[in-house]
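Take a look at the letters that make up each chain.
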Amino acid sequence: MANSNINKVKTHFLRTFEKGISSAYPYLPKHVLEVEKWANKLLKIYPKANKEILLLSVWLHDIGQAIGDKNDDHAIKSEKETLSFLSKLKLKPEKIKKVAHCVRAHRCRDIQPETLEEKLLAVADSASHMTDINYIVHLSDWPKKLVFEKLERDYRDVGIFPKLKKEIAPLYKAWKRLMKGYPDKI
Ligand SMILES: [Fe+2]
Ligand SMILES: [Fe+2]
């Protein structure tokens, strides 16, 4: 049952992305797959976490990037979509609430992650950027300062689990060196 719900959510995310706004981050499905890898790695370290809640939230956390107004906070749009789609799957209201809260708090901005699953999603999201192409894609597109700020935020948020932050430090330093050497956008 848990796996079939995860598969339904995956399909819903991929369909929404395909039909969604064309200005959405083009590698979004690849990003979410990378977050899933990190979530599975973290689940081995924190086996008490609820796997279904975490993986459902992985596949829904950025769905808001593909819908609505690009300028609206995608965590809010993703939360709304999570509530609406999971209700159709007839999940228990308590579970829907937990997944929606993971999604809402994943950016560690106005709403902070509190439960274990909320923290694991936020950390898997941030850590995934260190092993993916996001920074390079953004460097070719955004002012370098903004990409640096994103790297710093990611490294800060991985610090929710200090041991992981230590493990990731060499990757963070390598990205920082690469960004320094990257030609400025004119
Ligand atoms: Fe996000
Ligand atoms: Fe994300």
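Quick notes on the rules
- Residues numbered from 1 in each chain as written.
- Chains lettered and ligands numbered in written order.
- Predicted model: local features only at pLDDT ≥ 70, side-chain atom pairs only at ≥ 80, totals over all residues.
- Heavy atoms only, no water.
- Axes fitted to C-alpha atoms, helices over the stretch in contact; angles between N-to-C directions.
- Helix = DSSP H or I, 4+ residues; strand = E, 2+ residues; numbered from the N terminus.
- Parallel < 35°, antiparallel > 145°, perpendicular 65-115°, else oblique.
- Left-handed = near helix turned anticlockwise from the far one by under 90°.
- Contact = heavy atoms within 4.5 Å.
- Nonpolar A, V, L, I, M, F, W, Y, C, P; charged D, E, K, R; others polar.
- Donors = N, O, S within 2.8 Å, 3.2 Å for Na, K, Ca; no water.
- Buried < 20%, exposed > 50% of the residue type's maximum accessible area, 1.4 Å probe, protein only.
- Phe/Tyr/Trp six-rings, centres within 6.5 Å; stacked < 30°, edge-to-face > 60°.
- Lys NZ or Arg CZ within 6 Å of the ring centre and 35° of its normal.
- Tetrahedral: all angles 85-135°; square planar, octahedral: opposite > 155°, others 65-115°.

Draft legend 1. Representation of the packing of helix α3 (residues 51-60) against helix α6 (residues 116-129) in the model. It is at 10 Å that the axes of α3 and α6 come closest, and there the two elements cross at 40 degrees. Comparing their axes, α6 and α3 come out oblique. Read as a crossing pair, α3 and α6 show a hand that is right-handed. Between α3 and α6, the contacting residues are Ile53, Leu54, Ser57 and Val58 on the first element and Glu117, Leu120 and Leu121 on the second. Of the residues assigned to the contact of α3 with α6, the class counts are five nonpolar, one polar and one charged.

Draft legend 2. Expanded view of the coordination of the iron ion (ligand 1). On the protein side, the iron ion (ligand 1) has Asp62 (OD), His74 (NE2) and His106 (NE2) as donor atoms, found 2.1 to 2.2 Å from it. On the primary sequence, the residues serving as donors to the iron ion (ligand 1) are separated as D-x11-H-x31-H. Between the iron ion (ligand 1) and the iron ion (ligand 2) the interatomic distance comes to 3.6 Å, and aspartate 62 is a ligand of both metals. Placement of the pair is histidine 74 in helix α4 (residues 74-88) and histidine 106 in the loop between α5 (93-105) and α6, with a sequence separation of 32 residues. For histidine 74, a relative accessible area of 12% puts it in the buried group. A relative accessible area of 3% means that histidine 106 is categorised as buried.

Draft legend 3. Representation of the packing of aromatic side chains. Counted according to the given criterion, the structure contains five aromatic pairs. Aromatic pair phenylalanine 13 and tryptophan 59: ring centres 5.7 Å apart, planes at 65 degrees, arrangement edge-to-face. You can see phenylalanine 13 sitting in helix α1 (residues 2-19) and its partner tryptophan 59 sitting in helix α3, a full 46 residues away along the chain. You can call phenylalanine 13 buried: its relative accessible area is 1%. Taking relative accessible area as the criterion, tryptophan 59 reaches 3% and is therefore assigned buried. Measuring from ring centre to ring centre gives 5.9 Å for tyrosine 25 and tyrosine 27, while their planes differ by 70 degrees; the resulting arrangement is edge-to-face. Its end group placed over the ring of tyrosine 155, lysine 165 keeps NZ or CZ at 4.6 Å from the ring centre.

Draft legend 4. Structural context of the coordination of the iron ion (ligand 2). Only His31 (NE2), His61 (NE2), Asp62 (OD) and Asp125 (OD) from the protein reach the iron ion (ligand 2) as donors, at distances of 2.1 to 2.2 Å. Classification of the site at the iron ion (ligand 2) as irregular follows from its four donor atoms and the range of 84 to 176 degrees in their angles at the metal. In primary sequence terms, the donor set of the iron ion (ligand 2) follows H-x29-H-D-x62-D.

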